[in-house]
Amino acid sequence: MLSLEFLHIYWWFIVSLLGGLLVFMMFVQGGQTLIFSLGKSEIQKDMIINSIGRKWELTFTTLVMFGGACFAAFPLFYATSFGGAYWVWLAILFCFIIQAVSYEYRKKPNNFLGEKTYEIFLFINGSLGVILIGMAVSTFFAGSDFSLNEHNFVKWGSAFRGLEALGNPMLYLLGFAMFFLARMGGLLYLINNIDDDELRQNARKALVKNTIAFLPFFLAFLAWVLTKDGFGYDENGIVSMAEYKYALNLIQMPVVALAVVLGVLLVLFGVFKGAFTSSIYGIIYFGVGVVLVVTSLFLITGLNQTAFYPSFSDLQSSLTIKTASSSHYTLNVMFYISFLVPVILGYIFVVWRAIDSRKITKDEIKNDHHAY
């Protein structure tokens, strides 16, 4: 049987990697926020919706994998967060429900709500849904208002059940950074997937604007994380505040720090390829970069004796990869089951290639009676 310490680290890495993949796949949500600004005509709007609409199931598959890994490997975290901060998670869930409904019914005959209503729903999913997820992830650094009793039953300190995070201005930094990052990914994907010169030219211009909007929020978020006190714990599991904890984690885990730097460079290179050259493959560099950066950010919240889901109202209730995990036996069995993850990722890759084997054109959308 593998050691418990190895399994804790392994499963936190899997959760972190799936989190990175999920953030990259949010280019679908980002593309949805471009419907009204990038689509200069009805046919262009249809091209945008059909381009990103053919990927929304893959985003949902990644989301389910992320949630499933959290539930299986760190059930106490799953119960504390989803069971405690349920109003914020219900708000996020609602945003994803209206996304699925919108793709299904936007073009249905006798649609009494009208296409515009479902397009607004898609915009809500791509904006509010992404911002709320970004703010929820920010609580990994800021802490949440909960406590656990001796039976690990969670008690939330606010009747708002997670929505109280909306009152912390620092959490908006990652929320809006993810919003503009998703739009950048959406633009790069549309440049790659739609064969229309006018739309690609407009997308390249919009990519520059959204990158400029993204950078202040992301840099401010990094500055906040690297200069704030973090939630560390000692050999006895006692949680305490530690100065510059997340900055020290990067220093003490140089491989993770290198991944952050490489990821940022790849994101910027992808943006450069998409905005300032005729290449349509900027999305590849951008995607790898996003996965590296987000995975690394998750890693510094949970590794190196750091409480990944901290409580600012009761420090000893803070969750670590040791206290929140499943049993040794369960983690060991799931270690072998996790070998199926590459199979699922391979499925996503094969489906992606099949869908993108032919670029979307105006003629295709005009003649496709099953278009979104």
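The coordinates are above.
Residues numbered from 1 in each chain as written. Predicted model: local features only at pLDDT ≥ 70, side-chain atom pairs only at ≥ 80, totals over all residues. Heavy atoms only, no water.

> Mind showing me how you'd approach the packing of aromatic side chains here?
Geometry of an aromatic ring pair is reported as the spacing of the ring centres plus the angle between the planes. Throughout the structure, instances matching the rule amount to 40 aromatic pairs. On the basis of an interplanar angle of 20° and a centroid distance of 5.3 Å, the ring pair of Phe146 and Tyr309 is categorised as stacked. Highlighted residues: Phe146 in strand S1 (residues 146–148) and Tyr309 in the loop between helix H13 (282–302) and helix H14 (328–337), separated in sequence by 163 residues. One aromatic cluster is present, formed by Trp12, Phe66, Phe74, Phe77, Phe140, Phe146, Trp156, Phe298, Phe308 and Tyr309 through successive ring pairs. (Phe/Tyr/Trp six-rings, centres within 6.5 Å; stacked < 30°, edge-to-face > 60°. Helix = DSSP H or I, 4+ residues; strand = E, 2+ residues; numbered from the N terminus.)

> What should I look at first to understand the packing of helix H5 (residues 56–73) against helix H15 (residues 341–355) in this one?
In contact at an axis separation of 11 Å, H5 and H15 are set at 170° when each is read in the N-to-C sense. The angle between H5 and H15 falls in the class roughly antiparallel. Contacts from Leu58, Thr61, Thr62 and Met65 in H5 reach Val341, Ile344, Leu345, Tyr347, Ile348, Val351 and Trp352 in H15. Broken down by class, the residue content of the contact of H5 with H15 amounts to nine nonpolar, two polar and no charged. (Axes fitted to C-alpha atoms, helices over the stretch in contact; angles between N-to-C directions. Parallel < 35°, antiparallel > 145°, perpendicular 65-115°, else oblique. Contact = heavy atoms within 4.5 Å. Nonpolar A, V, L, I, M, F, W, Y, C, P; charged D, E, K, R; others polar.)

> Can you walk me through unusual backbone geometry in this structure?
Where the residue is not glycine, phi is negative for most of them; where a peptide bond is considered, it is trans in most cases. At Asn152, a residue that is not glycine, the phi angle is positive and equals roughly 65°. Mapping Asn152 onto the fold places it in the loop between S1 and strand S2 (154–156). With relative accessibility at 42%, the residue Asn152 sits in the partly exposed group. Its identity is not glycine, yet Tyr244 carries a phi of approximately 50°, on the positive side. Among the secondary structure elements, Tyr244 is positioned in the loop between strand S4 (239–242) and helix H11 (245–252). Of the residues examined, Tyr244 reaches a relative accessible area of 46% and is grouped as partly exposed. (Buried < 20%, exposed > 50% of the residue type's maximum accessible area, 1.4 Å probe, protein only.)

> Would you take a moment to explain the pairing of strand S3 (residues 230–233) for this structure?
Strand residues, when the strand is regular, have side chains that alternate between the two faces of the sheet. On S3, burial covers both faces: Gly230 and Gly232 on one face and Phe231 and Tyr233 on the other are all buried. The turn linking S3 back onto S4 is made up of five residues, and Gly237 within it adopts a positive phi angle of 85°. (Pairing = 2+ DSSP bridges.)

> Even after reading the chapter, I still don't get a nonpolar patch on the surface, so can you show me in this structure?
Taken together, the side chains of Met1, Tyr329, Val333, Ile337, Leu340, Val343, Ile344 and Tyr347 make up a nonpolar region of the molecular surface, amounting to roughly 840 Å² of accessible area. Counting residues per element, the ones that place at least two in the nonpolar patch are H14 and H15. Along the chain, the position of Tyr347 falls in helix H15. Here Tyr347 falls in the partly exposed class, since its relative accessible area comes to 46%. (Patch = residues over 30% accessible without salt bridge, like charges linked within 9 Å, V, L, I, M, F, W, Y side chains within 5 Å. Areas by Shrake-Rupley, 256 points an atom, 1.4 Å probe, with all protein chains shown as cover. Salt bridge = Lys/Arg side-chain N within 4 Å of Asp/Glu carboxyl O.)

> Is there a simple way to think about the pairing of S4 in this case?
Bridge analysis of S3 against S4 gives four bridges, and the strand direction is antiparallel. By the bridge assignment, Gly232 is partnered in S4 with Ser240.

> Help me understand the environment of Gly289 in this model?
Within the fold, Gly289 resides in helix H13. Look at Gly289 and you get buried, because its relative accessible area is 0%. A sequence separation of 78 residues divides Gly289 from Asn367, and the C-alpha atoms of the two residues are 37 Å apart. Each residue touching Gly289, except ones within four places of it in the same chain, is listed here: Gly263, Leu266 and Val267.

> When you look at the nonpolar core in this model, what are you seeing that I'm missing?
A general feature of soluble globular proteins is that nonpolar side chains tend to end up buried together. Trp12, Phe24, Phe74, Phe77, Phe286 and Phe308 are the most contacted members of the largest nonpolar core, which has 114 residues in total. Sequence-distant contacts of Phe308, defined by excluding residues within four places in its chain, comprise Trp12, Phe77, Phe140, Thr301, Gly302, Leu319, Thr320, Ile321 and Ala324. (Core = buried A, V, L, I, M, F, W, Y, C linked by side-chain atoms within 4.5 Å.)

> Would you explain the packing of helix H8 (residues 115–142) against H13 in this entry?
To describe two helices that pack against each other, one gives the angle between their axes and the distance between the axes. Across the interface, H8 lies against H13 with an axial gap of 10 Å and an inter-helix angle of 35°. Along this stretch, H8 crosses H13, giving a crossing that reads as left-handed. For the pair H8 and H13, the contacting residues are Val137, Phe140 and Phe141 in the first and Leu297, Phe298, Ile300 and Thr301 in the second. When its residues are assigned to classes, the contact of H8 with H13 shows six nonpolar, one polar and no charged. (Left-handed = near helix turned anticlockwise from the far one by under 90°.)

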